[in-house]
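# Observations on chain architecture
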Amino acid sequence: MGLSYPVLKGIQKRGYKIPTPVQRKTIPLVMEGRDVVAMARTGSGKTACFLIPLFEKLKTHAPKLGSRALILSPTRELAMQTYRFVKDLGKFTGLRSAVILGGDAMESQFSVLHNNPDVIVATPGRFLHICVEMELKLNHINYVVFDEADRLFEMGFGEQLREIVQRLPDSRQTLLFSATLPKVLVEFARAGLSDPVLIRLDVESKLPDTLKLSFFNCRPEEKSAALLCLLKHVVKKDALTIIFAATKHHVEYLHALLDKSGIQNTYVYSDLDPSARKINVAKFQSKVVSVLVVTDVAARGIDIPHLDYVINYNFPAKAKLFVHRVGRCARAGRDGHALCLISKDEICYLIDLHLFLGKPLKIATPGNQETDISSMGTIPSLMLESEISEILSWHADGSELASLKNVSENAYKQYIRSRPGASTESVKRSKELTSSVIGEHALFNKMSKDEKSKAKLISGIHQYKPLGTVFEIGNSSNSDVYKIMKKKRKKDLNSIEAFHQKVQEKLKEREAMESRPEIKLELSKPEEIGSTFSKVILGKRKGNNQDLISSKRQKENFIPYKPSDQHTEEGLAVNNFHKDATSVGFDLTGDNEIMMKATKMRKVWDKKKKKMVSVGGEPKKNKIKSESGAWIPATYKSGRYQKWVEKTKVDSAAADESEEEDETKKTLTLKRFPNTHWGKHNMKMMLKKQAELKRPEQIVKAREQLENRRRRHGRHKKKGKKSGKH
């Protein structure tokens with residue numbers, strides 16, 4: 001790649017040897033100065049894609065130019081992670097970097113920016129606030145990165161991003177790095193980037209080969225017990241595990257439940273205080289606790305290098321969101337395991353996921369000793385029963401756990417309303433699946449014979465259905481209720497038998513499909529085709545006719561009547577940036593009521609106005625109009641910077657320093673340096689005295705010496721005058 005020695009040394013110290021596919025494609029393009037929109041799977045090394053060219057372009061620290069690169073991240077955690085990465089990779093370049101985050105003291109951020117850092121890593125809201133307060137000029141920033149750009153727009157930073165872009169110079173190089181590209185982001189890219197190159201490698205339609213998937217079917221009321229079973233019997237001890245829940249209320253309930261069961265854990269959600277979020281993530285990353293309970297909104301962009309397990313407590317409604325969740329583990333070639341709890345209403349989303357991945361959904365059959373852990377099975381009822389009884393006793397002892405459970409159930413009802421629906425075909429297939437019998441999962445096949453017999457007895461009790469109903473049992477055969485039920489049973493007997501027969505046929509069909517061996521046909525070689533067939537006829541290519549036409553006419557004398565980009569403008573181009581980018585987008589569901597309601601008041605890109613426009617609500621309430629015409633919060637101009645300047649007297653100190661520098665330069669240029677040995681020695685001593693700081697006693701002594709010299713010189717002058725008169 002032609003990297004300089006300081007950059008290469010930082011990469012080697014970090015431990016990288018071979019670039020990832022996205023790095024191989026992206027870094028040369030960025031080094032050329034092109035605007036790039038890069039999409040790749042999470043954990044594929046997107047951060048290094050924009051940091052390595054950044055170090056190559058900036059080279060060394062430039063104190064007079066000020067900041068020359070800006071990296072915008074959606075969350076505090078991702079910004080801090082990028083900042084640490086900048087420090088590690090750019091250790092030997094000598095470049096200065098600063099991080100500007102919401103929730104931190106603004107005064108410290110003012111002083112950091114006064115030191116002229118070369119690279120600024122920031123969250124958009126706080127950075128725009130600082131820009132307005134300090135009246136920052138961003139004329140020298142020529143390298144801008146939007147990291148996790150889709151998340152920036154999902155969190156409602158559209159107006160802030162537009163205002164920041166307006167303040168940046170037109171000659172900048174802009175990079176967008178994201179896992180997906182929603183429609184809003186495509187419109188932004190078309191307006192804010194010049195001739196962008198779209199790189200799509202390993203996009204969210206793929207899972208890494210090192211990731212194992214396991215699915216566990218359970219009833220909604222058994223989910224908390226099933227989670228404890230997985231943490232106690234499947235997850236290895238001291239392994240780092242992330243649990244994804246639907247809302248912040250689920251996170252709080254699961255945190256309290258795991259605390260009660262003695263599993264050390266911590267939690268993160270969007271409404272949590274920034275300092276608490278930082279502390280909780282640090283606890284998990286430093287392995288103080290082994291379990292982290294999060295929502296989708298909080299977990300975006302958090303990189304845990306040694307994560308082993310991901311547990312989906314609530315199954316995601318979109319396939320791309322599932323890929324994003326499980327992408328937290330199995331990063332950079334490491335092994336990972338995703339465990340998913342599936343209730344009855346979530347099976348349709350599981351079918352949608354397998355259609356998206358292009359894989360068949362395997363279901364564990366009862367009594368079959370399967371070894372495939374990717375199939376959907378159940379947790380042994382013996383384990384579940386013991387955990388359920390323990391949880392019920394915790395709920396009954398009058399603790400806070402019961403109230404948290406009720407709150408999470410009410411929150412789930414609100415969550416279902418905002419959850420997008422599954423496809424109609426998947427809903428139909430899910431009904432067929434629920435009617436079939438699902439066996440135990442392969443991960444629980446290591447049970448002893450006694451445990452298996454107990455589990456079989458308990459499952460038999462669960463599945464037992466008496467022949468008579470409550471109206472028949474205990475009543476005499478002559479009663480009217482008994483006669484009516486017998487008559488009804490006789491009437492529906494044929495349809496009941498047909499249903500059971502249908503279920504048995506489907507089970508047999510599934511067993512036959514699973515037992516059928518896979519046959520892979522070997523492709524024929526070109527030599528074999530040539531020896532077998534005397535003539536091979538291929539379809540005509542359109543390109544040949546075009547070549548004939550173009551060869552007949554002279555290019556310098558021919559003016560086409562259609563523009564070269566006509567198909568692109570009409571949206572008919574095969575490799576169209578807009579068409580390719582809009583096909584890969586997903587939205588995150590909010591983890592609290594406010595964020596769920598915010599989807600109704602979301603912002604849309606206005607093609608005429610070329611800016612984000614809010615669909616509902618009052619966009620101009622408590623806002624002021626900036627220089628670029630964007631509406632920003634009125635609190636951004638609070639005068640805190642002026643107060644800080646008056647308090648610290650930074651401007652006056654800077655002015656004094658500049659005056660002193662000018663004076664020293666003038667004296668050095670005007671004064672002639674002596675050529676003799678003692679003259680040079682005296683000059684050095686004088687400069688040394690000027691440079692060192694003096695104590696009050698030394699200053700007093702120096703003044704006394706100066707006065708004594710003046711007195712002596714005065715006496716000598718008077719004596720000389722008297723002698724002249726005589």
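Everything numeric here is computed off the predicted structure, so don't read it as measured data.

## With respect to the UniProt feature "domain: DEAD-box RNA helicase Q" (unreviewed entry) in the protein
- In this structure's numbering, the residues bearing the UniProt feature "domain: DEAD-box RNA helicase Q" (unreviewed entry) are residues 1-24.
- Note that residues 1-24 is 58% helix and 0% strand, and that its end C-alpha atoms are spaced 9 Å apart.

## Quick notes on the environment of Gly-192
- By the element assignment, Gly-192 lies in helix α9 (residues 183-192).
- Other than its neighbours up to four places away in sequence, Gly-192 contacts Arg-172 and Thr-174.

## Describing the pattern of salt bridges
- This structure, assessed with the given rule, holds 14 salt bridges.
- In this structure, the salt-bridge partner of Glu-221 is Arg-219, at a minimum N-O distance of 3.8 Å.
- Its salt-bridge partner being Asp-397, residue Lys-260 comes within 3.7 Å of it at the nearest N-O pair. Of this pair, Lys-260 sits in helix α11 (residues 248-260) while Asp-397 sits in the loop between α16 (381-396) and α17 (400-418), and the two are 137 residues apart along the sequence.
- Given a relative accessible area of 41%, Lys-260 falls into the partly exposed group.
- With a relative accessible area of 44%, Asp-397 lands in the partly exposed category.
- Residues joined in a network through salt bridges with shared partners are Arg-219, Glu-221 and Glu-222.

## Observations regarding the side chain of Gln-109
- Its place among the elements puts Gln-109 in helix α5 (residues 106-114).
- At 2.9 Å, the side chain of Gln-109 forms a polar contact with the backbone oxygen of Leu-101.
- Not counting residues within four places of it along the chain, the set of residues in contact with Gln-109 comprises Ile-100, Leu-101, Asp-104, Arg-126 and Ile-130.

## Description of the packing of aromatic side chains
- Taken as a whole and assessed by the stated rule, the structure comprises eight aromatic pairs.
- Sitting over the ring of Tyr-313, Lys-223 keeps its end group 5.8 Å from the ring centre.

## As for unusual backbone geometry
- The phi dihedral of Lys-59 is positive, around 65°, even though this residue is not glycine.
- With respect to the helices, strands and loops of the structure, Lys-59 is situated in the loop between α3 (46-58) and β2 (69-72).
- Phi at Lys-287 takes a positive value of approximately 65°, unusual for a residue other than glycine.
- Assignment of secondary structure puts Lys-287 in the loop between α12 (274-285) and β11 (291-294).

Criteria and thresholds
- Residues numbered from 1 in each chain as written.
- Predicted model: local features only at pLDDT ≥ 70, side-chain atom pairs only at ≥ 80, totals over all residues.
- Heavy atoms only, no water.
- UniProt positions renumbered as here; feature names shortened; annotations may be inferred.
- Helix = DSSP H or I, 4+ residues; strand = E, 2+ residues; numbered from the N terminus.
- Contact = heavy atoms within 4.5 Å.
- Salt bridge = Lys/Arg side-chain N within 4 Å of Asp/Glu carboxyl O.
- Buried < 20%, exposed > 50% of the residue type's maximum accessible area, 1.4 Å probe, protein only.
- Polar contact = N/O pair within 3.5 Å; in protein donor to acceptor, adjacent residues only side chain to side chain.
- Phe/Tyr/Trp six-rings, centres within 6.5 Å; stacked < 30°, edge-to-face > 60°.
- Lys NZ or Arg CZ within 6 Å of the ring centre and 35° of its normal.

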